[in-house]
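# Fold and geometry: a report
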Amino acid sequence: MTVLSGAAATDVGRVRQINEDRYLVGEGLYAVADGVGGHQAGEVAAQASVEALARHFTERTTEALVEAVREASRAVWRLAQENSERRGMGTTLTVLALVEQEGEELLAIANVGDSRAYLFQRGDLVQVTEDHSLVEELVREGQLTPEEAQVHPQRSIITRALGMEPEIEVDAWTLTPYAGDRIVLCSDGLTNEVTTEKIAAVLRQLTDPQEAARELVRQARTHGGNDNITVVIVDVVDDGGKAEQASEALAAEEAAEEAADHAADHAADHAADHAADHAADHADRDETVSVSRRPQPDPTPTPATATATATATRTRPAATATAPPAGGPERPRRLTWRVVLFLTCVVGVLGVVAASVAWYARSAYYVGVDGDQVAIFRGRPGGFLWFEPTLVDRKELSIADILPAQADELRVGKEEPSKADADRYVNNLRQEAAERRAATTTTLPPTTTTTVGGPATTVARLSPP
Ligand code: MG
């Protein structure tokens, strides 16, 4: 069962003497009326319209709501005809009602004039109604931009109102109520002063409908208050499990999509890749349509009594399509052929990187020291990442046989591009060591022995080569 909670706030504003706006917060019936006409006639028209609406809305259907609005218009028309001072009086009327259609509870919105109904859902504010005003018609015809309309001097001229003529056209929409949705009904005293973004900000901030309605009226006053301001906020407190059902339906739909994807994968394995692309693109398009929140044409017939009734339904909330409910189980991601291809590429790239690192670490040789012997190692001196150098060849050359500077270099590691180059380098060291030994033994000069009252001291002095 759908449960609604409504609250209202109204204010004369800072310029007008009389508040000619009226509102209705009833059992499943909410309305805003903005009266027009001199000599307090606007006040009378607005009051008469909401009273007649409440009286005539007895059967909870969209068609009955439209008819009740038309009855309200006739009531205002009759009042205007009875008193010459009230000729030409009229009123806007924007109504929200809880109705039933084929056993399902829906929200019906009916509108005449330039008061508005907005739907606030998951933080977004969308205008449901279309203004019957001169500037909005010019906007629809492309002769004015919405920004120009906002400040146009003739923006308060309305092209359709209750009571102006005996019979009027009524626009109507139906929405599926989801818990957390808010409907805002308001007179132009709000929308001429406060931007849609600021209205949305208040609705996000203040969850209590009464507080939110008061705050919106306060902001309209602060921004000028040039007209009467009226705001009705209706919260969908309970939707009778509709959001849950929508989620289940969505899950079923996605399961079907998944099955379709698997079929596409199968086809891709056996046929050309572009076939799978086509199937995936198609699935993507389906998803886009399913999350669309734009009103869709209502398949229900237009009420015979309304001469021009625009009806629309809303698809299930985008929220259930784009994110799981807070705390709810998250659906596992699908493993499609695209995911597999992506993972294969990632693994491939990682493999190439690892192979390059290994090649760099193991491709080189260096001449180093193993104990006190000169040796050849494979790898980088000191190792690279997790690749430690390995001993390849221990040479018959002691570190003591080579020059200190060369020994120091070998302790650090003397890199060579190949094993052959390393061998050549060690051979050179060995040869130099041999030459030095030969020089030492062949160029020793005759020793001079001096005895100074003690043991003989032998001084060997190397002569320059
Ligand atoms: Mg107004």
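Details of the structure are given in the entry above.
What counts and what doesn't
- Residues numbered from 1 in each chain as written.
- Predicted model: local features only at pLDDT ≥ 70, side-chain atom pairs only at ≥ 80, totals over all residues.
- Heavy atoms only, no water.
- Donors = N, O, S within 2.8 Å, 3.2 Å for Na, K, Ca; no water.
- Helix = DSSP H or I, 4+ residues; strand = E, 2+ residues; numbered from the N terminus.
- Buried < 20%, exposed > 50% of the residue type's maximum accessible area, 1.4 Å probe, protein only.
- Salt bridge = Lys/Arg side-chain N within 4 Å of Asp/Glu carboxyl O.
- Phe/Tyr/Trp six-rings, centres within 6.5 Å; stacked < 30°, edge-to-face > 60°.
- Lys NZ or Arg CZ within 6 Å of the ring centre and 35° of its normal.
- Pairing = 2+ DSSP bridges.
- Axes fitted to C-alpha atoms, helices over the stretch in contact; angles between N-to-C directions.
- Contact = heavy atoms within 4.5 Å.

Attention shifts here to the coordination of the magnesium ion. Here the magnesium ion is held by Asp 34 (OD), Asp 188 (OD) and Asp 227 (OD), and the distances to it run 2.1 to 2.2 Å. When the donor residues of the magnesium ion are listed from N- to C-terminus, their spacing reads D-x153-D-x38-D. A residue pair is termed long-range when its members are at least 10 positions apart, and Asp 34 in strand E3 (residues 29–36) and Asp 227 in the loop between helix H7 (209–222) and strand E10 (229–239) qualify at 193 residues. Overall, the relative accessible area of 6% leaves Asp 34 in the buried class.

Using the criterion set out here, one finds 23 salt bridges in the structure. Among the ionic pairs, Arg 70 bridges to Glu 167, the shortest N-O distance being 3.0 Å. A residue pair is termed long-range when its members are at least 10 positions apart, and Arg 70 in helix H2 (residues 62–82) and Glu 167 in the loop between helix H4 (146–151) and strand E8 (171–175) qualify at 97 residues. Taking the relative accessible area as the measure of exposure, Arg 70 reaches 7% and is therefore buried. Across the pair Lys 395 and Asp 423 runs a salt bridge, and its minimum N-O distance is 2.8 Å. Taken together, the residues Lys 395 in strand E15 (residues 390–398) and Asp 423 in helix H13 (residues 419–442) connect sequence positions 28 residues apart. The residues Lys 395 and Asp 423 share a single accessibility class, namely buried. When salt bridges that share partners are traced, they join Glu 67, Arg 70, Glu 71, Arg 74 and Glu 167 into one network.

A full pass over the atoms with the stated rule returns three aromatic pairs. On the numbers, 5.3 Å between centres and 35° between planes, the contact of Trp 386 with Phe 387 is tilted. Its end group placed over the ring of Tyr 425, Lys 414 keeps NZ or CZ at 5.2 Å from the ring centre.

What follows deals with the sheet that holds strand E16 (residues 414–416). An order of E15-E14-E13-E16 is seen for the four strands of this open sheet, with the pairing classed as antiparallel. Of all strands in the sheet, those bounded by a partner on one side alone are E15 and E16. Strand-to-strand twist of the sheet, defined as the mean angle between neighbouring strand axes without regard to direction, takes the value 30°. Where strand E13 (residues 365–370) lies against strand E14 (residues 373–378), six bridges are found, and the strand directions are antiparallel. Each bridged residue has a counterpart across the sheet, and for Tyr 366 the counterpart in E14 is Phe 377. Lying on the sheet, helix H12 (residues 404–412) is in contact with E13, E14 and E16; it crosses E13 at an angle near 110°.

In short, geometric facts, not functional conclusions.
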